[in-house]
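Structural characterization, general
Here are the chains, one letter per residue:
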Amino acid sequence: MALQLSCFSLNITDHIAHLVLNRPDELNTMNPAFWRELDQVLTHLQRVGEARALVISSTGKHFSAGMALDVFGGAIQMDDQSAEGRAAIFDLLTNMQATFSKMESLRIPVIAALHGGCIGGAVDMVTAACIRYASADAFFCIQEINIGMVADVGTLQRLPKLIPLAVVKELAYTGRRLGAQKAMQYGLVNEVFETPEATLAAAMQCAREIAAKPPVAVWGTKQAVNYARDHSVEDSLRQMGWLQGTIWSNAHVREAVTAMKEKRAAEFPPLSELKNFSEFK
Ligand SMILES: C/C=C/C(=O)SCCNC(=O)CCNC(=O)[C@H](O)C(C)(C)COP(=O)(O)OP(=O)(O)OC[C@H]1O[C@@H](n2cnc3c(N)ncnc32)[C@H](O)[C@@H]1OP(=O)(O)O
């Protein structure tokens, strides 16, 4: 089923999905269609199972200027103090959070190739990715504080797992910009490149390397690392035992070892073989 997308383009080639934010004239702001479509894309990738890595990049001057400002007071009415109004905000917010959580728990690794401004909701978004590459002009801004609100879609929950807490607080209280080089020093960004083109090329190369590995083992690795981030070493080791006991494949290990000995690329079945179960829900 082809997706009808107005905020993104999606291409899947050689097991690599490339999602591009493609409203450069609007600074790739997050309007209601953005949220709807991103969720659809993630569901689609999970269902189709063809992609083994997802690269997200953008177009124009900035990666994304965050939430489209006309949404506040427009699609989102914050002044409705009735129980129904407050409940609706809760519902909206948890739905938006769920989209980035869906990205975080997607079976395949997500690699963000960043350039220019990564503002507000875009920080929420990219902290849910596995790997971040950035061009030298990239910067991050927890802009919410500058427009009178608390960041609420994942930045304050995920960023402290990525960079020192005192730095998170500094950025979140002041709304200052964090440049690419410093972001790399702190570990938010894996590597900085001179241009957006070089950044995207590095992201695609990383995706190609991941796509050559057994998809079930990559998925298991992602689950294990994400679990370890949020649990004790002891709990995580126990979870690893259960996980490995569930996903272990003699066939995959045999194929990987044989291919290494024969100096050829290994071949692994795609996750699309899980497709029927994914369509269950
Ligand atoms: C759950 C999520 C919450 C959030 O995301 S909260 C954060 C919402 N986003 C913002 O508050 C972004 C504020 N904007 C900026 O900080 C800057 O702008 C930028 C760094 C994004 C870009 O700076 P520069 O390259 O110097 O361009 P420019 O002249 O400031 O902006 C160009 C035009 O783009 C409009 N614009 C910028 N951001 C948004 C936005 N988020 N929603 C709607 N319009 C936006 C401006 O107003 C202006 O417009 P005109 O040319 O008519 O003066």
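Residues numbered from 1 in each chain as written. Predicted model: local features only at pLDDT ≥ 70, side-chain atom pairs only at ≥ 80, totals over all residues. Heavy atoms only, no water.

Going by this rule: UniProt positions are given in the numbering used here, feature names are shortened, and annotations may be inferred rather than shown by experiment.
As annotated in an unreviewed UniProt entry, the protein carries the name Enoyl-CoA hydratase and comes from Ottowia thiooxydans. Here is the UniProt Sequence similarities (unreviewed entry) comment for the protein, exactly as written: "Belongs to the enoyl-CoA hydratase/isomerase family."

**Some thoughts on the sheet that holds strand S5 (residues 117-119)**
Using the following cut-off: DSSP bridges decide pairing: two strands pair if at least two such bridges lie between them. Each helix is a run of DSSP H or I of at least 4 residues and each strand a run of E of at least 2, with the numbering of both proceeding from the N terminus. The angle between two axes is taken between their N-to-C directions and runs from 0 to 180 degrees, where each axis is a line fitted to C-alpha atoms and a helix contributes only its stretch in contact.
The mixed open sheet is built from three strands, whose spatial order is S5-S7-S8. A strand with exactly one partner marks an edge of an open sheet, and here the two such strands are S5 and strand S8 (177-179). When strand polarity is set aside, the average angle formed by the axes of neighbouring strands in this sheet is 20°. By the bridge criterion, three bridges tie strand S7 (residues 139-141) to S8 in an arrangement that is antiparallel. Of the residues in S8, the one forming a bridge with Phe140 is Leu178.

**Quick notes on the nonpolar core**
Put simply, the rule is: Residues belong to one nonpolar core when they are buried, are Ala, Val, Leu, Ile, Met, Phe, Trp, Tyr or Cys, and are joined through side-chain atoms within 4.5 Å. For every residue, the accessible area (1.4 Å probe, protein chains only) is compared with the maximum for its type, and the residue is labelled buried under 20%, exposed over 50%, or partly exposed between those bounds. Whether two residues are in contact is decided by their heavy atoms: any pair within 4.5 Å suffices.
In terms of nonpolar packing, the biggest core is built from 54 residues, with Leu38, Leu54, Ile56, Met125 and Phe140 touching the most fellow members. When residues of this core are traced back to their parent elements, those giving at least two are strand S2 (16-21), helix H1 (32-48), strand S3 (53-58), helix H2 (83-104), strand S4 (110-114), helix H3 (121-126), helix H5 (165-174) and helix H6 (180-186). Per element, the largest residue contribution to this core is seven residues, and it comes from H1. Each residue touching Phe140, except ones within four places of it in the same chain, is listed here: Leu114, Cys118, Val123, Val126, Arg176, Arg177, Leu178, Ala183, Leu188 and Val189.

**Structural notes on the site of the ligand**
Operational definition: In these notes, residues near a molecule or strand are those with any non-hydrogen atom within 4 Å of it. The definition of a polar contact used here is a pair of N or O atoms within 3.5 Å, where within protein one atom must be able to donate a hydrogen and the other to accept one, and adjacent residues in sequence count solely through side-chain atom pairs. In short, Shrake-Rupley with a 1.4 Å probe defines the accessible areas, and a residue's cover is counted only from the protein chains shown. Put simply, Ala, Val, Leu, Ile, Met, Phe, Trp, Tyr, Cys and Pro go in the nonpolar bin, Asp, Glu, Lys and Arg in the charged bin, and everything else, Gly too, in the polar bin.
The ligand sits among 19 residues. The nearest are Lys61, His62, Ala65, Met67 and Gly121. Contact between the ligand and Ala65: a nitrogen atom at 2.8 Å from a main-chain N or O atom of the residue. Take Met67: an N or O atom from its main chain is 2.8 Å from an oxygen atom of the ligand. Here the ligand loses 60% of its free accessible area of 960 Å² to cover by the protein chains. Here the residues of the shell around the ligand sort into nine nonpolar, six polar and four charged.

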